[in-house]
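# Tertiary structure, described
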Amino acid sequence: MTIIRAKDYQDLSRKAANMLSAQVIMNPSCVLGLATGSTPIGIYKQLVEWYQKGDLDLSKVKTVNLDEYKGVAPTDPQSYRYYMDSLLFDHVNIDKDNTYLPDGLARDPEEECQNYNSILQILGGIDLQLLGLGHNGHIGFNEPGHSFGTETHLVQLAQSTIDANSRLFDKPEDVPRYAYTMGIKSIMHAKKIVVVASGTDKAAIVKKAFTGDVTPEVPASILQLHGDVTLVADEAALSEME
Ligand code: GLP
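Residues numbered from 1 in each chain as written. Predicted model: local features only at pLDDT ≥ 70, side-chain atom pairs only at ≥ 80, totals over all residues. Heavy atoms only, no water.

## Points about the overall build of the protein chain
For the protein chain, the count of helices and strands is seven helices and ten strands. Relative to the 2.2 N^0.38 estimate, which gives 18 Å for 242 residues, the radius of gyration of the protein chain is 17 Å and therefore close to what a compact globule would have. Its C-alpha atoms put the protein chain at 50 × 45 × 35 Å along the principal axes. Residues classed as buried in the protein chain amount to 52% of the 242 residues present. Counting contacts in the protein chain only where the partners sit at least 6 residues apart, residues at least 24 apart contribute 78% of the total. About 10,900 Å² of surface is accessible on the protein chain, with carbon and sulfur atoms providing 49% of the total. For the protein chain, the distance from the average site of its 21 positive side-chain charges to the average site of its 32 negative ones is 4 Å. (Helix = DSSP H or I, 4+ residues; strand = E, 2+ residues; numbered from the N terminus. Rg over C-alpha atoms; globule rule 2.2 N^0.38 Å. Buried < 20%, exposed > 50% of the residue type's maximum accessible area, 1.4 Å probe, protein only. Contact = heavy atoms within 4.5 Å. Areas by Shrake-Rupley, 256 points an atom, 1.4 Å probe, with all protein chains shown as cover. Lys, Arg positive; Asp, Glu negative; His and termini not counted. Charge placed at Lys NZ, Arg CZ, Asp CG, Glu CD.)

This is the structure we're talking about:
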């Protein structure tokens, strides 16, 4: 694993955006695996800036997102589709038909999971997967204790995840309890993985995930077994690594 040490959040965002941008320049029709949460916001902002300057062309890029809340409409500002549209897709020249997220309103969850797996297969796999890190070590919405061997599935979110997400909702009862997520198996198939972590509140889990035991209790620990992982983290998030 390579660790890229960033001074602060802005520096982290620029460094990680550089990796995504380099991937697109090397292969303009690549498949990017994208993540939500607060950490990638600065990356998307940076990519929009480079696009506006004429330095980035996303016209042939395809994207697959890690996850989506179940029961939340794509037009709902809390949905991950809305997040991706408003922070990135609406501001660059990507073809939205080439951007994929699980359908939160799908009638049949089982069928939706199969659909999403087929999309991943048809796209031919992910060239670069961007990942954030949950405080409990989750990646996507793969919560602690789940098998490493899963593909897209529906998960019941851990209470700690529901609590962490409640800051983004008006009322605690509005926080979704279920979500679709790409499984660990699919994530591990990505050719290249870039993990981003920022802030002292991520320091303990960064240390545990990247230097501790590989165990389903810390889903991100499996990344230690991937051949091409780069952790881009700021000094605060790396403060327990020394
Ligand atoms: C959510 C997302 C994850 C993300 C995590 C961390 O749970 N499903 O993909 O990595 O939040 O988010 P943040 O970057 O806000 O800490």
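## Concerning the layout of surface pockets
One water molecule sets the probe size; rolling that probe over the atoms shows where empty space is left. Of the pockets and cavities examined, the largest pocket occupies roughly 730 Å³. Taken together, 34 residues make up the lining of the largest pocket; nearest its centre are Thr36, Gly37, Ser38, Asn165 and Arg167. Elements with a minimum of two residues in the lining of the largest pocket: β4 (67–69), α3 (80–87) and α5 (159–165). Per-element accounting of the lining of the largest pocket gives the leading share, four residues, to α5. Split by residue class, the lining of the largest pocket holds 14 nonpolar, 16 polar and four charged. There is about 210 Å³ of room inside the second largest pocket. Around the second largest pocket, the lining residues are Asn117, Leu120, Gln121, Gly124, Gly125, Ile126, Glu151, Ser186, His189, Ala190 and Lys191. Elements with a minimum of two residues in the lining of the second largest pocket: α4 (109–123) and α6 (184–189). Looking at the lining of the second largest pocket element by element, the count peaks at three residues for α4. (1 Å grid on protein atoms, 1.4 Å probe; cavity = no way out; pocket = protein on both sides within 12 Å on 5 of 7 lines; lining within 4 Å. Points joined across faces, edges and corners; volume = space filled by probe spheres on them. Nonpolar A, V, L, I, M, F, W, Y, C, P; charged D, E, K, R; others polar.)

## Brief notes about the site of the ligand
Taken together, Gly37, Ser38, Thr39, Asp67, Tyr80, Gly132, Leu133, His138, Gly140, Phe141, Arg167 and Lys202 make up the full set of residues near the ligand. Asp67 is positioned with one of its side-chain polar atoms (N or O) 2.8 Å from a nitrogen atom of the ligand. Taking Leu133, its main chain carries an N or O atom lying 3.4 Å from an oxygen atom of the ligand. If the ligand stood free it would expose 390 Å²; the protein chains cover 93% of that surface. Residues of the shell around the ligand, tallied by class, amount to three nonpolar, six polar and three charged. (Near = heavy atom within 4 Å. Polar contact = N/O pair within 3.5 Å; in protein donor to acceptor, adjacent residues only side chain to side chain.)

## Quick word on the sheet that holds strand β10 (residues 229–234)
Whenever strands of a sheet pair, they do so through backbone hydrogen bonds, lying parallel or antiparallel. One open sheet accounts for seven strands, arranged β1-β10-β9-β6-β2-β3-β5; its pairing is parallel. On the outer flanks of this sheet lie β1 (2–6) and β5 (99–100), each paired with one strand and no other. The pairing of strand β9 (residues 192–197) with β10 spans five bridges and is parallel. Considered in β10, the bridge of Val195 is made with Leu231. Against the sheet, α4 contacts β2 (31–34), β3 (62–65) and β5, and its axis sits at roughly 150° relative to β3. (Pairing = 2+ DSSP bridges. Axes fitted to C-alpha atoms, helices over the stretch in contact; angles between N-to-C directions.)

## Description of empty space enclosed by the protein
By the definition in use, this model includes one cavity of 30 Å³ or more. Considered as a void within the structure, the largest cavity measures approximately 60 Å³ in volume. If you go around the largest cavity, the residues you meet are Leu20, Val24, Leu32, Leu34, Leu47, Leu56, Leu58, Val61, Thr63, Leu88 and Ile94. At the level of elements, α1 (9–26) and β2 are the ones that each hand at least two residues to the lining of the largest cavity.

## Considering the environment of Val155
Relative to the helices and strands, Val155 resides in strand β7 (residues 153–156). Separated by 129 residues in sequence, Val155 and Met26 place their C-alpha atoms 35 Å apart. Sequence-distant contacts of Val155, that is, excluding residues within four places in its chain, are made with Phe141, His146, Arg177, Tyr178, Ala179 and Thr181.

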